[in-house]
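Listed here are the chains, written in short residue letters.
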Amino acid sequence: QIPDPHKSAKSSFFGKGTKGFNTSPYGVRFTSSGISGPKSASAFMSPEKCFLIATIGVMPLYILMIGYPRKQFTRKMMSSPLPFVPLCAMYIYLFHMSWQPDTLSLMMNPDFYFMPQLSGIVTMFSRLTTVASAWLHLVTVDLYAAMNVYKD
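Residues numbered from 1 in each chain as written. Predicted model: local features only at pLDDT ≥ 70, side-chain atom pairs only at ≥ 80, totals over all residues. Heavy atoms only, no water.

J.: Tell me what's going on with the overall build of the protein chain, and back it up with residues and numbers.
T.: Assigned secondary structure in the protein chain consists of seven helices and four strands. Along the chain direction, N to C, the helices and strands of the protein chain fall in the order β-β-α-α-α-α-α-β-β-α-α. Within the protein chain, the fraction of its 152 residues that count as buried is 26%. Of the contacts formed within the protein chain by residues at least 6 apart in sequence, a portion of 53% connects residues at least 24 apart. Roughly 10,600 Å² of accessible area belongs to the protein chain as shown, and the carbon and sulfur atoms make up 69% of that amount. (Helix = DSSP H or I, 4+ residues; strand = E, 2+ residues; numbered from the N terminus. Buried < 20%, exposed > 50% of the residue type's maximum accessible area, 1.4 Å probe, protein only. Contact = heavy atoms within 4.5 Å. Areas by Shrake-Rupley, 256 points an atom, 1.4 Å probe, with all protein chains shown as cover.)

J.: Give a detailed account of helix α1 (residues 47-57), specifying residues and quantitative values.
T.: All buried positions along α1 are accounted for by P47, C50 and A54. Along α1, the residues classed as buried sweep out an arc of 65 degrees about the axis, all on the same side. Each element contacted by the buried residues of α1 is listed here: α4 (84-98) and α7 (128-151). (Arc of directions from axis to C-beta.)

J.: Run through the environment of Y68, naming residues and quoting values.
T.: Along the chain, the position of Y68 falls in the loop between α2 (59-67) and α3 (72-78). When residues no more than four places from it in sequence are discounted, the contact partners of Y68 are I63 and T74.

J.: Summarise the nonpolar core; cite the residues concerned and give the values.
T.: Buried together is how nonpolar side chains tend to be arranged in soluble globular proteins. Among the nonpolar cores identified, the biggest contains 18 residues, and M65, L87, M90, L136 and L143 are the most heavily contacted of them. Looking at this core, the elements with two or more residues in it are α1, α2, α4 and α7. Among the elements that make up this core, the one with the highest residue count is α7 (seven residues). Discounting chain neighbours no more than four positions away, the residues touching L136 are C50, F51, A54, L87, M90, Y91 and L94. (Core = buried A, V, L, I, M, F, W, Y, C linked by side-chain atoms within 4.5 Å.)

J.: Tell me about the pattern of salt bridges, and name the residues and values.
T.: A full pass over the atoms with the stated rule returns one salt bridge. Two residues, R127 and D102, come together in a salt bridge whose shortest N-O distance is 2.8 Å. With R127 in the loop between α6 (118-124) and α7 and D102 in the loop between α4 and α5 (103-107), this pair connects stretches of sequence that are 25 residues apart. Judged by relative accessible area, R127 falls into the buried class, the value being 9%. Under the relative-accessibility criterion, D102 is labelled partly exposed at 28%. (Salt bridge = Lys/Arg side-chain N within 4 Å of Asp/Glu carboxyl O.)

J.: I'd like to hear about α2, residue by residue, with values.
T.: When we look at burial in α2, the residues that qualify are L61, L64 and M65. Projection of α2 onto a plane perpendicular to its axis shows the buried side chains occupying an angular sector of 95 degrees, all on one side. Those residues of α2 that are exposed and aimed more than 90 degrees away from the buried face are I63 and I66. At its buried positions, α2 is contacted by α3 and α7.

J.: I'd like to hear about a nonpolar patch on the surface, residue by residue, with values.
T.: Residues F51, L52, I56, M59, I63, Y68, W135 and L138 make up a contiguous nonpolar surface patch of about 790 Å² in total accessible area. Put simply, the parts of the chain that give the nonpolar patch at least two residues each are α1, α2 and α7. Looking at the nonpolar patch element by element, the count peaks at three residues for α1. Within the secondary structure layout, I63 lies in helix α2. (Patch = residues over 30% accessible without salt bridge, like charges linked within 9 Å, V, L, I, M, F, W, Y side chains within 5 Å.)

J.: Give a description of the packing of aromatic side chains that names residues and reports values.
T.: Centre-to-centre distance and the angle between the planes together describe a pair of aromatic rings. Counted under the stated rule, the structure contains four aromatic pairs. With centroids separated by 5.4 Å and ring planes inclined at 45 degrees, the aromatic side chains of F51 and W135 adopt a geometry described as tilted. Of this pair, F51 sits in helix α1 while W135 sits in helix α7, and the two are 84 residues apart along the sequence. The exposure class of F51 is partly exposed, given its relative accessible area of 36%. Given a relative accessible area of 34%, W135 falls into the partly exposed group. Pairing F95 with W99 gives two aromatic rings, centres 5.8 Å apart and planes at 50 degrees, and the pair type is tilted. (Phe/Tyr/Trp six-rings, centres within 6.5 Å; stacked < 30°, edge-to-face > 60°.)

Below is the structure:
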């Protein structure tokens with residue numbers, strides 16, 4: 001039987017006194033049953049599920065634009081704002097879930113004229129929900145650009 005590294009008491013990935021991957025410095029728990037923490041996403045809309053829905057959800061639109069560019073259905077879909085509704089809703093949800101009390105101080109350094117600091121942004125992007133919200137942002141902007149290129 002292979003030992004589970006996530007349950008090992010000797011494993012100390014996140015620092016002293018922790019057990020494997022069970023806790024992080026941000027108060028979020030990474031366990032086999034999912035993610036929990038101060039502002040954890042529910043099991044229905046976890047960051048992983050939002051990531052998967054957004055990534056797979058835009059693929060049919062790209063297939064329509066590439067494979068069937070002259071079809072009436074494709075033209076209707078590309079001129080409709082409807083594809084953006086679920087993407088924007090998930091983005092707003094994840095953005096809200098990723099906001100922590102230290103988010104603003106990580107983004108803007110008050111000691112340096114409130115200019116962004118790379119180290120703070122790296123810390124923010126080490127959070128799963130923040131990365132998922134950034135991915136949703138990128139997918140949405142990329143789809144918007146692709147739809148505008150299709151219209152030209």
